[in-house]
Amino acid sequence: MLRRLLIASTFLMFLSPLTVGGSATAQDASEFVVRLNRIENQSRQMAGQIETLQYENRQLKEQLRKFQEDVEYRLQEGKGGAGKPAASPSGTNPGQAKPQKRSDAFNPEQNPGRPGGPMPLGTTMPSAAIATAPPSRGPSVPPTVVDADDEEPGLSPPGLGGPVDLTPPSRVPTTGALASPSRPMTSVAATTTGDARADYETAYGYITGRHYEQAEMSLRQFIQSHPRDAQVPSATYWLGESYLQRNRNREAAEQFLKVSTDYARSPQAPDAMLKLGISLNALGAREQACATLAELERKFPSAAQGVRQSVVREQKRARCAA
């Protein structure tokens, strides 16, 4: 009995590893099958993509061929469209072949009776005599001047009218459409008198008169002629204002930036920084405009109340963050 129990226990101990190994082998086999199926699916997808790419490649080649044929046809049509020249006879030089004529050229041999063709001698009809041909006075002299010299005084010569009056006309009265301006529009060279104060007053007068183009030229000339004058910051500010009034926002921003940085201690610096923010907002640089307006309060804490109110108004207009 004991021997049988020993044999049974030994047999069970021998079968237990085989059972465990068999289950592991079955699991590995199932995983292998799953991976194989996955690889097959990927292979089929890649094969489909390859076929699609090959089809598209064939389509592109066909389109390219048609495009090349169309270009060649258009080039041949642009060169004349008459086709290739006829082949030269054997034994002759092709370069010595007679050039072809244009199809729209006039050929007198085919149309002998049309105008422009040669006429046989003796077939032309004489021209009709001119009834009243005025005597030739010279090929290049105007008839009015010559007739004025030859005709009797007081009579109007034939042709284009009386003699040419070369005397300057009398003073032409101005009409309502040509009203004289309140300030004479002199050139820039005429405004430079050498006196810095007079030149600045002249340029500032153009600003107050809303003549911004003349103001721009005068202010630029003032800054160039008097670079060390005390009115240069003010002139630079008004130069930027002349640009801003004509929607030349980039040039205006350059001038206002120069005033707020190079002449930061001038009375015009806070206003210039305000106008710099306005110009930047007009250019579409809203973030830079908001940053400039916010910096104004820090850089110029003693700015006038009107400038501060304008800053708040422009910040709302630019939709700056609070």
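The paragraphs below set out a description of the structure included in this document. Everything numeric here is computed off the predicted structure, so don't read it as measured data.

Rules used in this analysis
Residues numbered from 1 in each chain as written. Predicted model: local features only at pLDDT ≥ 70, side-chain atom pairs only at ≥ 80, totals over all residues. Heavy atoms only, no water. Disulfide = S-S within 2.5 Å. Helix = DSSP H or I, 4+ residues; strand = E, 2+ residues; numbered from the N terminus. Buried < 20%, exposed > 50% of the residue type's maximum accessible area, 1.4 Å probe, protein only. Salt bridge = Lys/Arg side-chain N within 4 Å of Asp/Glu carboxyl O.

Some thoughts on the state of the cysteines
In a disulfide, the sulfur atoms of two cysteines are held together by a covalent bond. One pass over the full model with this rule turns up 1 disulfide. The disulfide partner of C290 is C320, and the gap between their sulfur atoms is 2.0 Å. With the S-S bond torsion at -85°, the cross-link from C290 to C320 turns out left-handed. You can see C290 sitting in helix α9 (residues 286–299) and its partner C320 sitting in the segment after α10 (305–318), a full 30 residues away along the chain. On the accessibility criterion, C320 (19% relative accessible area) is buried.

A look at the pattern of salt bridges
Going through the model one piece at a time under the given rule, you end up with 9 salt bridges. E295 is the salt-bridge partner of R298, the closest N and O atoms lying 2.0 Å from each other. Note that R298 and E295 are positioned in helix α9 at a spacing of 3 residues, about one turn of the helix. Take R298: its relative accessible area is 59%, and that puts it in the exposed class. Judged by its relative accessible area of 26%, E295 is partly exposed.

Here's the deal with unusual backbone geometry
For R210, which is not a glycine, the phi torsion comes out positive at approximately 65°. With respect to the helices, strands and loops of the structure, R210 is situated in the loop between α4 (196–208) and α5 (212–225). Given a relative accessible area of 63%, R210 falls into the exposed group. Even without being a glycine, N247 presents a positive backbone phi close to 60°.

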